[in-house]
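Here is what each chain is made of, one letter per residue.
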Amino acid sequence: MLTTLTSAWANLRTRWHLFAGAFVAVALGVALVASMGLGLAAAAEPPAGKPQRFAAQPVMVMPHDTLTVEVDRGSHRAHESKKIPHPQPVDKELLRELAELGTVHRDHLVPDAVGIDASTAAVRKAVGDRAQVLTGAARRLADPGAERDAQAVVAVRAMLGTAGGVSAFVAVFVTASTFAFVVALRRREFGLLRLAGATPGRVRRQLFTEALAVGVAASATGCALGSWGAPLLARALIDNGIAPPWFTVSGTGAPQSTSWTSWTYWSSWTYWTSWPFQLAFWTGLFVAVAGAWAASRRAGRIGPVEALRDADVDTDVMPWSRRIIGAALLALGLGLTVHTLWTDPSALLKRKTYTTQPMILITAAAALAPLLVRPVLRLIRLPGAVGLLVRENAAASVRRTASVAAPVLVTVALAGSLMGSAESVSAAKAQEAKEQTNAQLVATGDDLSLPRRRVPGVAAVSPSASTAVFVREEGTALLRSEARAVSDPAALAATSRLPVVSGDIRHLDDRSIVVNEEWEHHRVGDRLTVWLGDGRRTTLRIAAVLARGTGDNGAYVTTANAGAAPVDRIDVRLTPGASPAAATDALRAATSGHDVRVRTAAAWLDATHPRVKPQTRQGMLLLLGIALTYTAISLAGTQLMAASVRNGELRALRRAGATGAQVRWMLAGEALVSVAAGTALGLAVTALNLGGLVAALGLLSPESGARAGAGAGLEAGVVVPWGVVGSAVGVCAVVAVGAGVLGAGWGRRNGVGG
């Protein structure tokens, strides 16, 4: 054991350049995981803030804003709760009882919350379970922005959780690839050890010990970097509109200040034993050890004859175990896509699917990269002697070429698949909304009221309110469906082209509902037990069924089943020959409400259905920035490690008559060829992932278009983010070329710089 430790320490000290890439990759991964964890910890316990409404009253009473329904959980019953959008007001009987305890303060005619000048105990006793009793910081739940802030925190959690997952995914891949390349570079060294009598177990223990030392040091460094970077991450989320302005990483996370005055807090035992640092440290150590484990098994199989080989041509570049795993992942990725297309094509349009499922195909392609690179290289033709040398060197050193191409593959595939899917789905949703709109003008605002007189040039006016309905599906889950509440179904039919599959939306009344095909029960005439937006339970008959489409076809009810939901949109159909400008002015003058805005239907669609929401785009760019950073580190580390063992090869080229410029051109060409191979493979993976999306849109098109007679269907097609992909490839090329030429230039004794 002592001999192994001594040998490992000597290697780490004298060959640090071989482990620098792995150290930086693990440290960065731990830093990112720690930062994401600290952000999640802060989002889990956001600052309470000071209540705005009834701040002077010690106790508040607010109606229950959640719906709790009993569901099946296997062999037992449980309760599931959902937030309702329009809680019922405090009832008059309860208000009368509260008035007997003290002065009741209200700020609306219909009290959605009241403040009471009375003791908390007395209020709780009087209210019982009829409403919520809020005291202290909890009173902020009744503030107007509480729901908006809660949604923003949920978005932050989802963003950080996804970013953390992508960070872990790329970190595992980069670290494992780095250790595998280190073993490939040291195969002659391990062969000499075997020739000197070292057993395979001894070789594996040495490499494992080196990885353990690198993992511990890198994980500790990453935790320190994460504590410093977490506040910067919070600021970046705020600046990009992902997090609310008040969001800070504090409390159990990093201090708000990054100055040295925070050092006392940073060095405290409680701080460093919090779960984000524990998760980050042990994740980094596990990644380092796991990455070295597979490489150590390969190193242990190197025989003594390896030390006697002079050829630099790679043979047996990939073990059968890796081929089997890569093939299995490829089959799994393609199988999942086909199965989803067969059973539920709309699932491929959901964010959870198109941000996670592509990872399987990306991992499969990265695992099979050494096999896939060689056929791609055969397609490359470069002119001149240097071009021939570049191509042959890249083909002969498949391990080195694959080590450069694989991270490029991952970055290009992530950029193309994630951004392409998001933009394609957004484009399809925008097209679907356009096809379903038959209005020419749309008025929006808060709590709109209908015109009391006839507006010249207006043929149909359809006011609606945003609400929700809840249904217990299969008795095991309480599902929420977004809905629109309308007062005139005939006007709705005139101002829209909904993709009706069966039934008639004009038959909608106070005792019925319009659903879509995604519902468990979707047959016209069936009766459903649902819970409305204010929590009331009722039974409604299905009047019509809509196609599933891209998933935005919600339910429709009448205003009688929407509780206190205020009108927030009025769709307007003009009479033939009417002037849109004149009708807009007349409608704006006749409609009252808060922030009334009248726009053409096209302008309203452009504003409410952008190609990609800014927050979503910024979140995607953050994920891609993480992947690109990892890729740059991997490329630089691989090129520098490769340059450190190519002294003899480069010296031989100079002795054969090659000039320093020709050697540099060769190194740059090899880097560019490797990046080009990775780009080609990444685009191939992107094509597979987006191909599933194309197939899903094609399968959904008859449902949303032809069957409903609403146009051509979902023909928006697939959007490939060439700008983002091109920028990523450009960064990869610059880093790969710069590191390759610079790494060889350090060895001026080889004559490269001469």
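The sections below set out a description of the structure shown in this document.

Scoring rules and cut-offs
- Residues numbered from 1 in each chain as written.
- Predicted model: local features only at pLDDT ≥ 70, side-chain atom pairs only at ≥ 80, totals over all residues.
- Heavy atoms only, no water.
- Helix = DSSP H or I, 4+ residues; strand = E, 2+ residues; numbered from the N terminus.
- Buried < 20%, exposed > 50% of the residue type's maximum accessible area, 1.4 Å probe, protein only.
- Areas by Shrake-Rupley, 256 points an atom, 1.4 Å probe, with all protein chains shown as cover.
- Polar contact = N/O pair within 3.5 Å; in protein donor to acceptor, adjacent residues only side chain to side chain.
- Contact = heavy atoms within 4.5 Å.
- Phe/Tyr/Trp six-rings, centres within 6.5 Å; stacked < 30°, edge-to-face > 60°.
- Axes fitted to C-alpha atoms, helices over the stretch in contact; angles between N-to-C directions.
- Parallel < 35°, antiparallel > 145°, perpendicular 65-115°, else oblique.
- Left-handed = near helix turned anticlockwise from the far one by under 90°.
- Nonpolar A, V, L, I, M, F, W, Y, C, P; charged D, E, K, R; others polar.
- Pairing = 2+ DSSP bridges.
- Salt bridge = Lys/Arg side-chain N within 4 Å of Asp/Glu carboxyl O.

Here the focus is the overall build of the chain. A count of helices and strands for the chain gives 23 helices and 16 strands. Out of the 754 residues in the chain, the part that is buried amounts to 50%. Counting only carbon and sulfur atoms, one obtains 60% of the accessible surface of the chain, whose full area is about 34,100 Å².

What follows concerns the side chain of T353. Locating T353 in the fold gives a position in helix α12 (residues 351–356). The class of T353 is buried, set by a relative accessible area of 16%. A polar atom in the side chain of T353 sits 2.9 Å from the backbone oxygen of A347. The residues contacting T353, other than those within four sequence positions of it, are A347, L348 and P358.

Summed over the entire model, instances satisfying the criterion amount to 1 aromatic pair. When the centroid spacing of 5.2 Å and the interplanar angle of 90° are considered together, the rings of F281 and W282 count as edge-to-face.

It is worth spelling out the packing of helix α14 (residues 369–378) against helix α15 (residues 384–396) at this point. In the contact formed by α14 and α15, the axes pass within 10 Å of each other and the chain directions differ by 160°. The angle between α14 and α15 places the two elements in the roughly antiparallel class. The two elements α14 and α15 cross, and the hand of that crossing is left-handed. For the pair α14 and α15, contact is made by R374, L377 and R378 and by R391, A394 and A395, respectively. Partitioning the contact of α14 with α15 into residue classes produces 3 nonpolar, no polar and 3 charged.

Taken together, the 4 strands give an open sheet; going across it, the order is β4-β5-β1-β6, and neighbouring strands pair in antiparallel fashion. The strands lining the two open edges of the sheet, one partner per strand, are β4 (104–105) and β6 (132–135). Pairing analysis gives 2 bridges linking β4 to strand β5 (residues 114–116), with the strands arranged antiparallel. Paired with H105 across the bridge in β5 is G115. Lying on the sheet, helix α4 (residues 120–127) is in contact with β1 (59–62), β5 and β6; it crosses β6 at an angle near 165°.

This part is about the packing of helix α13 (residues 358–367) against helix α16 (residues 398–435). It is at 10 Å that the axes of α13 and α16 come closest, and there the two elements cross at 160°. The angle between the axes of α13 and α16 places the two elements in the roughly antiparallel class. Classified by chirality, the crossing of α16 by α13 is right-handed. On α16, the residues touching P358, M359, I362, A365 and A366 of α13 are L409, V410, A413, L414 and S417. Within the contact of α13 with α16, the residues separate by chemical class into 9 nonpolar, 1 polar and no charged.

All right, on to unusual backbone geometry then. A positive phi is found at F54, a non-glycine position, where the angle reads about 50°. Positionally, F54 belongs in the loop between α2 (16–44) and β1.

Let's shift gears to the pattern of salt bridges. The tally for this structure, following the rule as stated, stands at 20 salt bridges. One salt bridge in this structure joins R484 and D568, with 2.8 Å as the shortest N-O distance. With R484 in strand β9 (residues 477–486) and D568 in strand β15 (residues 567–574), this pair connects stretches of sequence that are 84 residues apart. When its relative accessible area of 16% is taken as the criterion, R484 is described as buried. Note that R536 and D534 form a salt bridge whose closest N and O atoms lie 2.7 Å from each other. Taking relative accessible area as the criterion, D534 reaches 8% and is therefore assigned buried. Members of the salt-bridge network, linked through shared partners, are E70, D72 and R77.

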